[in-house]
Amino acid sequence: MKVISKQRNSRMCFICGMDNPVGLKAPFYNMEDGSVMTLFRYGTEHQSFPERVHGGLAATMLDELGLRALWSKSGEDVFGVTMSMTVKYRKPVPYDENLIGRGIVLKETSQFATMKTEIYNQKGILLANAEVSYIKLSPQQITEGIQPHEEMCYLIEDNVKEIPFLPL
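Residues numbered from 1 in each chain as written. Predicted model: local features only at pLDDT ≥ 70, side-chain atom pairs only at ≥ 80, totals over all residues. Heavy atoms only, no water.

So, the pairing of strand β7 (residues 126-136)
Which entries qualify depends on this criterion: Buried means the residue's accessible area, taken with a 1.4 Å probe over protein chains only, is under 20% of the maximum for its type, while exposed means over 50%, and partly exposed covers the values in between. Per the convention used, a helix needs a DSSP run of H or I reaching at least four residues, while a strand needs a run of E reaching at least two, with both numbered from the N terminus. Strand pairing requires that DSSP identify at least two bridges connecting the strands.
Judged by how many residues are buried, β7 sits mostly within the fold: eight of eleven residues are covered. Two elements, strand β4 (residues 80-89) and β7, share nine bridges in a ladder whose sense is antiparallel. Looking at the pairing, Met85 lines up with Val132 of β7. In the sheet, strand β6 (residues 112-121) pairs with β7 via nine bridges, with the strands oriented antiparallel. Bridging across to β7, Lys116 finds its partner in Glu131. Linking β6 back to β7 in an antiparallel pair, the connection comprises four residues, with Gly124 at a positive phi of about 90°.

Focus: the side chain of Lys136
Condition: Under this definition, polar contacts are N or O atom pairs within 3.5 Å; protein pairs additionally need one hydrogen-donor-capable and one acceptor-capable atom, and for neighbouring residues in sequence, both atoms have to be side-chain atoms. Contact between two residues is taken to exist if any of their heavy atoms lie within 4.5 Å; hydrogens are not considered.
Structurally, Lys136 is set in strand β7. In this structure the side chain of Lys136 is engaged in a polar contact, spanning 2.6 Å, whose partner is the side chain of Glu108. Here Thr109 takes part through its backbone oxygen, which lies 2.7 Å from a polar atom of the side chain of Lys136. Among all residues touching Lys136, those that are not within four sequence positions of it are Leu70, Val78, Phe79, Gly80, Glu108, Thr109, Ser110, Gln111 and Phe112.

Describing the packing of aromatic side chains
What counts, and what does not: To pair, rings of Phe, Tyr and Trp, with the six-membered ring standing in for Trp, must have centres within 6.5 Å; the planes then decide the type, stacked if under 30 degrees apart, edge-to-face if over 60, and tilted in the middle.
Scanning all chains against the criterion turns up three aromatic pairs. Ring centres 5.3 Å apart and planes at 85° place the aromatic pair Phe40 and Tyr42 in the edge-to-face group. On the basis of an interplanar angle of 80° and a centroid distance of 5.0 Å, the ring pair of Tyr120 and Phe165 is categorised as edge-to-face. One end of the pair, Tyr120, is in strand β6; the other, Phe165, is in the segment after α3 (148-151), with 45 residues separating them in the sequence. As far as burial versus exposure is concerned, Tyr120 and Phe165 are alike and both buried.

Now the structure itself:
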């Protein structure tokens, strides 16, 4: 699938923070079909049981993909927080393997949004998915005194033009 543009990364977010020593530093791409995608991998430090990632960390990526999907559709000036998230774990999520995350907006109003988010392995097998509901809020309603563009300060071009994606 063709990449249209790349989204910004933050300083300290666990998922995308470039300055977070234990974070994933995941890049996010706006795709030609209106979805957002990421290419990422968990490390051994993210395990629960040997050979699998902690379910809460998989859910964290699914949650991040929700906001990123909203940004893909409506722009990076839209903010919000998760109201609810229903996660389904389909197969163990491995660490030390390249993974693909995808999110797309299912429904959006002036105050709310619902997104479908998914994690796949490189073979296109669905490992986990979620339906995420957000309430839209200004950055000041979320945390007083925050300057979101100071936190979301990294736009690192990497020449990714296409993400091979054929879900099974």
